[in-house]
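Structure at a glance
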Amino acid sequence: MAIAIRKVGVIGAGQMGNGIAHVCAASGFDVRLNDLSEERLNSALATINGNLARQVARGQLDEADRQASIARIVPALSFNDLSECDLVIEAATEHEETKRKIFSDVCPVLRPDALLASNTSSISITRLAASTDRPERFIGMHFMNPVPMMQLVELIRGIATEDTTFEQAKDFIRALNKTITIAEDFPAFIVNRILLPMVNEAIYTLYEGVGSVDSIDTAMRLGANHPMGPLQLADFIGLDVCLSVMQVLHEGLADSKYRPCPLLVKYVEAGWLGRKTQRGFYDYRGEKPLPTR
Ligand SMILES: CC(=O)CC(=O)SCCNC(=O)CCNC(=O)[C@H](O)C(C)(C)COP(=O)(O)OP(=O)(O)OC[C@H]1O[C@@H](n2cnc3c(N)ncnc32)[C@H](O)[C@@H]1OP(=O)(O)O
Ligand SMILES: NC(=O)C1=CN([C@@H]2O[C@H](COP(=O)(O)OP(=O)(O)OC[C@H]3O[C@@H](n4cnc5c(N)ncnc54)[C@H](OP(=O)(O)O)[C@@H]3O)[C@@H](O)[C@H]2O)C=CC1
């Protein structure tokens, strides 16, 4: 039975969670934003405020709408604060056990008819759904980074996702004024099946000494008209996410062409995760980003 989606819970207030909360609130939905710490939630609200202000400065939003949007986002430190949500979107770390633990903790407090979605970049929706009490009302809803700027949402049904869930998810994404593409539930779906091997290949190009960080990013920005070079993009996505996606592809498709570049592994092991840790293929701690290799 279809339910009206008015109140949206977002679990994980990082790069993606704050962007999803931003677009939901700006589209008129009430939002409950959850993360592990009050500090992270406050930081996310500040980021959202800044990005909304950026849209006001660009004339994409008026000041009254900015204020109304931010007022619709309520921090939710406890999963109990999500109990009245019609839809909950999980956007926590790309680590299957973390997601499964979130689902086992949050499902008991949700209404039985509430929908549950994951913003996972790559992990099997069917497998994640099986770890919930509602595989029929579970779906992959894959937003792109940065969420307020990117038009696409990839929609992925698990084997048990019901038609009503699928239709409601499509209506919800359309209400966000986003464009839907449908992917089958195979490792990394469509966008990351194509994009992340390219990013991994750019890291191999650096690792093998074919080019420098600067020459590789310049080559692809000016040679292929990419808005960001692949190494800049890797830092933007997060090197931990890039590595997780390559590991899911490598394990899920059992093809050595998806093996993560050892240099990517090394950066993640060093905690150099890109922009979110101020250092990855570039060092962001100074005036302008400086290549770290
Ligand atoms: C990994 C996955 O699972 C799937 C994915 O998401 S793959 C990644 C997909 N995303 C991409 O490929 C992004 C490629 N980059 C771009 O399209 C563009 O560089 C961009 C849209 C991100 C920015 O475009 P731009 O014309 O440079 O915008 P501009 O106004 O100059 O903004 C530049 C800055 O603002 C950010 N930005 C602008 N508006 C923003 C908003 N509303 N919300 C968040 N960030 C915003 C940009 O990321 C960039 O960051 P810094 O402020 O730290 O420098
Ligand atoms: N980065 C990208 O470009 C894209 C990422 N995605 C996907 O979105 C999801 C989030 O990615 P991203 O936003 O980049 O990751 P981030 O690391 O930026 O944010 C993840 C957030 O989830 C929090 N978190 C971790 N465990 C829990 C928990 N148990 N309960 C609540 N919050 C938790 C983290 O807190 P803490 O840091 O304290 O652990 C962090 O604030 C991933 O599945 C990723 O694959 C999808 C599209 C694009």
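Residues numbered from 1 in each chain as written. Chains lettered and ligands numbered in written order. Predicted model: local features only at pLDDT ≥ 70, side-chain atom pairs only at ≥ 80, totals over all residues. Heavy atoms only, no water.

- An unreviewed UniProt entry lists the chain under the name 3-hydroxybutyryl-CoA dehydrogenase, with Camelimonas lactis given as the organism.
- As recorded by UniProt, the Sequence similarities (unreviewed entry) comment attached to the chain reads in full: "Belongs to the 3-hydroxyacyl-CoA dehydrogenase family." (UniProt positions renumbered as here; feature names shortened; annotations may be inferred.)

1. Topic: the site of ligand 2
- In the vicinity of ligand 2, 25 residues are found, and the nearest of them are Asp 35, Arg 40, Glu 94, Ser 121 and Ile 237.
- Here an oxygen atom of ligand 2 sits 3.2 Å away from a polar atom, N or O, in the main chain of Ala 92.
- Here an oxygen atom of ligand 2 and a side-chain polar atom of Lys 99 are 2.7 Å apart.
- For ligand 2, whose accessible area on its own is 890 Å², the fraction buried by protein is 85%. (Near = heavy atom within 4 Å. Polar contact = N/O pair within 3.5 Å; in protein donor to acceptor, adjacent residues only side chain to side chain. Areas by Shrake-Rupley, 256 points an atom, 1.4 Å probe, with all protein chains shown as cover.)

2. Here's the deal with the packing of aromatic side chains
- For the coordinates displayed, the defined rule picks out 6 aromatic pairs.
- Plain terms: the ring middles of Tyr 267 and Trp 272 are 5.5 Å apart, the flat faces sit at 80 degrees to each other, and that makes the pair edge-to-face.
- What makes Tyr 267 buried here is its relative accessible area of 5%.
- Residue Trp 272 is classed as partly exposed on the basis of its relative accessible area, which comes to 25%.
- Residues Tyr 282 and Tyr 284 carry aromatic rings whose centres are separated by 6.3 Å and whose planes lie at 50 degrees to one another, so their mutual orientation is tilted. The residues Tyr 282 and Tyr 284 share a single accessibility class, namely buried. (Phe/Tyr/Trp six-rings, centres within 6.5 Å; stacked < 30°, edge-to-face > 60°. Buried < 20%, exposed > 50% of the residue type's maximum accessible area, 1.4 Å probe, protein only.)

3. Quick notes on the UniProt feature "binding site: NAD(+)" (unreviewed entry) in the chain
- Sequence positions flagged by UniProt for "binding site: NAD(+)" (unreviewed entry) are, in local numbering, Gly 12, Ala 13, Gly 14, Gln 15, Met 16, Gly 17, Asp 35, Glu 94, Lys 99, Ser 121, Asn 145 and Lys 276.
- Looking at Gln 15, the relative accessible area reads 31%, which means it is partly exposed.
- A polar side-chain atom of Gln 15 sits 3.1 Å from the main-chain carbonyl oxygen of Phe 236.
- By secondary structure assignment, the location of Asp 35 is in the loop between β2 (30-34) and α2 (38-57).
- On the accessibility criterion, Asp 35 (14% relative accessible area) is buried.
- Once you skip the residues sitting within four places of it in the chain, Asp 35 turns out to touch Gly 12, Ala 13, Gly 14, Arg 40, Leu 41, Ala 76 and Leu 77.
- A polar side-chain atom of Asp 35 sits 2.7 Å from the main-chain amide nitrogen of Ala 13. (Helix = DSSP H or I, 4+ residues; strand = E, 2+ residues; numbered from the N terminus. Contact = heavy atoms within 4.5 Å.)

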